[in-house]
Amino acid sequence: QLQASGGGLVQAGGSLRLSCAASGRTFSGYTLAWFRQATGKEREFVAGIRWGSSNTFYAESVKGRFTISRDNAKSTQSLQMNSLQPEDTAVYYCASGRGIILSSLRIPSAYDYWGQGTEVTVSS
């Protein structure tokens, strides 16, 4: 129900924009987020944006470089990634969920729907 796209291979310092579209439903009332999972590591929170609020939340490692946004009318969310570094290499997943309290925003199990993942590789 979520389709992620936009991954690819980029050199360090470059940029990519990931997109995620929902099919069959809207984002009304949903918290949206991006997570990533590098090989051999656990899935980790990258960025999130809550319904009805312009507040955005980021992992410390991406703050100032990544920007999450949402278009409720189009049921899409995006992650603009700038100044990419090799440590950003991972499979990136979009996620959505309802009724997520602030303290659970960074927890994968709080989300109901997941995209299939899109791979981002940053070369040094």
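Residues numbered from 1 in each chain as written. Predicted model: local features only at pLDDT ≥ 70, side-chain atom pairs only at ≥ 80, totals over all residues. Heavy atoms only, no water.

## Focus: the environment of Ser5
- Summarising the element assignment, Ser5 is placed in strand β1 (residues 2-5).
- Here Ser5 falls in the partly exposed class, since its relative accessible area comes to 37%.
- Taking C-alpha positions, Ser5 is 13 Å from Trp114, a pair spaced 109 residues apart along the chain.
- With residues near it in sequence (within four places) discarded, Ser5 still touches Arg17, Leu18, Ser19 and Thr118. (Helix = DSSP H or I, 4+ residues; strand = E, 2+ residues; numbered from the N terminus. Buried < 20%, exposed > 50% of the residue type's maximum accessible area, 1.4 Å probe, protein only. Contact = heavy atoms within 4.5 Å.)

## Some points on the pattern of salt bridges
- A full pass over the atoms with the stated rule returns 4 salt bridges.
- Among the ionic pairs, Arg36 bridges to Glu44, the shortest N-O distance being 2.6 Å.
- For Arg36, a relative accessible area of 6% translates into the label buried.
- Assessed through its relative accessible area of 35%, Glu44 is described here as partly exposed.
- Between Glu60 and Lys63 there is a salt bridge, and its shortest N-O distance comes to 2.7 Å.
- Take Glu60: its relative accessible area is 63%, and that puts it in the exposed class.
- A relative accessible area of 45% places Lys63 in the partly exposed class. (Salt bridge = Lys/Arg side-chain N within 4 Å of Asp/Glu carboxyl O.)

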